[in-house]
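# Structure assessment
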Amino acid sequence: MFTTVFAAAAMVLTLALPPFPQGLTIPITMYLLLVVLAGFGGFLRSSAARAQVTLLLPWVLALIVGLAVGTIGGNSLGQSLEDALSYVLFALGLCAGRAAYRPLWLFAAVLLVAVVDGVASLYLMPTWDLSRYRSVYNYFKMAIGHPLVGLFCAAFLLHFVRNRTLRRVCSLSHAVLIVVVVATVSRGMVLGMTLGWLTSLTVRSPRKGALVVGLGVIGAVVFATVLSDFAVTYLRLGQQGTVDARVREIEECLHIFAENPIFGAGLGAELEVDGHHASYVHNMVAYHLWKFGLVGSALFALPVFSLARQAMRAPQHLRATIFAGAAAVMLYVVTAASYKSYILVPMVGIVVGAALQVSLPARQQHVSKASS
């Protein structure tokens, strides 16, 4: 029970945290302490959580190799530890979610955070002219991408909540978060939401998924001019500044990777782009190839496949929602730097662990009774 309380409290506390911290503050320290307590509590109380975290052992080996390569290369030890932090936070969140006695509470806490932050971003928008303003400009927290996690939580809760009022709350939250994602005008988030919906449809009915994709391709060809104007106006494809800068980041990463293809540049590596030094880039794949090379990147991919195999054992209606959420979030972090976020990473770990906990056949009956 304490694991659930600590994890839920950590999620709610994120409402008071800055998206880009400049150092440790009392709220951030309290948040990290709650995440650690929830993660270790889950590890100690649940054999399922312990079994789950063993799947992440390839990450441990990748981090050790990355630290060794970085040390030999003279990289900053402080930056190396910061690079490793996100993986530790995910593991702690995974343990907490997998061991939660009331996993639906964790979905509710994350949904609450996503909706409150999303509504705050909408409230702060000076106008709804999305060709000029984005909600993320006025509320930078939207940049971490957690509305996509909130969408998953709302959809997942609808599978278990039986109370009519609560179902209406979940449905309303889902609708609000769709508006929030649209108002962020984030290319990655909008595409992630679209891919998530398409993934859910395809898993439920491959024929319908193929039909929608086919109609989409035909529509894109027929209305190419209209869609091009829409992309320039809404998705800001005409504003090449940010796109070009990120392309240069990725090119520099791949250039360094080509020089060190086996082990990469190691933990703590930094690069210089446009006169600025950066320890991360807006692309998770390029980041891992740059810092960990082929060996480390393969080791990091192994647990992802293990989690996917576990999700395949869930009932089809849950499986569709799980894979939809995974597709949406994964696409976003590939196009953004949120894989380094101290808020999003443990949040995703908690949600993944809780989703696996709920999806177990023995848990489904218990959760259904508890939510009715």
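In this report, we go over the structure that sits alongside the text. These numbers come from a predicted model, not from an experiment.

### Focus: a nonpolar patch on the surface
- A contiguous nonpolar surface patch, about 380 Å² in accessible area, is contributed by Met1, Val5, Tyr101 and Trp105.
- Considering the arrangement of structural elements, one finds Val5 in helix α1 (residues 2–13).
- For Val5, a relative accessible area of 39% corresponds to the partly exposed category.

### Here's the deal with the pattern of salt bridges
- Evaluated as defined, the whole model comprises 3 salt bridges.
- One salt bridge connects Lys340 with Asp83, and the closest N-O pair in it is separated by 2.8 Å. Of the two residues, Lys340 is situated in the loop between α15 (316–335) and α16 (344–359) and Asp83 in helix α5 (residues 77–99); the sequence distance between them amounts to 257 residues.
- Overlapping salt bridges bring together Asp83, Lys291 and Lys340 as one network.

### Remarks on unusual backbone geometry
- Residue Val185 is not a glycine yet carries a positive backbone phi of 50°.
- Inspection of the secondary structure puts Val185 in the loop between α9 (164–184) and α10 (187–204).

### Some thoughts on the nonpolar core
- Phe107, Leu148, Val149, Phe156 and Trp290 are the most contacted members of the largest nonpolar core, which has 89 residues in total.
- Ranked by size, the runner-up nonpolar core spans 9 residues in total, among them Leu122, Leu130, Ala183 and Val185.

### Examining the packing of helix α8 (residues 146–157) against α16
- For the pair α8 and α16, interaxial distance at closest approach is 11 Å and the crossing angle is 15°. By the angle class used here, α8 and α16 are roughly parallel. For the pair α8 and α16, the sense of crossing is left-handed. Contact with α8, carried on its side by His146, Val149, Phe152, Cys153 and Phe156, involves Leu344, Met347, Val348, Val351, Ala355, Val358 and Ser359 of α16 and no other residues of that element.

Basis of the calculations
Residues numbered from 1 in each chain as written. Predicted model: local features only at pLDDT ≥ 70, side-chain atom pairs only at ≥ 80, totals over all residues. Heavy atoms only, no water. Patch = residues over 30% accessible without salt bridge, like charges linked within 9 Å, V, L, I, M, F, W, Y side chains within 5 Å. Areas by Shrake-Rupley, 256 points an atom, 1.4 Å probe, with all protein chains shown as cover. Salt bridge = Lys/Arg side-chain N within 4 Å of Asp/Glu carboxyl O. Helix = DSSP H or I, 4+ residues; strand = E, 2+ residues; numbered from the N terminus. Buried < 20%, exposed > 50% of the residue type's maximum accessible area, 1.4 Å probe, protein only. Core = buried A, V, L, I, M, F, W, Y, C linked by side-chain atoms within 4.5 Å. Axes fitted to C-alpha atoms, helices over the stretch in contact; angles between N-to-C directions. Parallel < 35°, antiparallel > 145°, perpendicular 65-115°, else oblique. Left-handed = near helix turned anticlockwise from the far one by under 90°. Contact = heavy atoms within 4.5 Å.

Nothing here speaks to function; it is all geometry.
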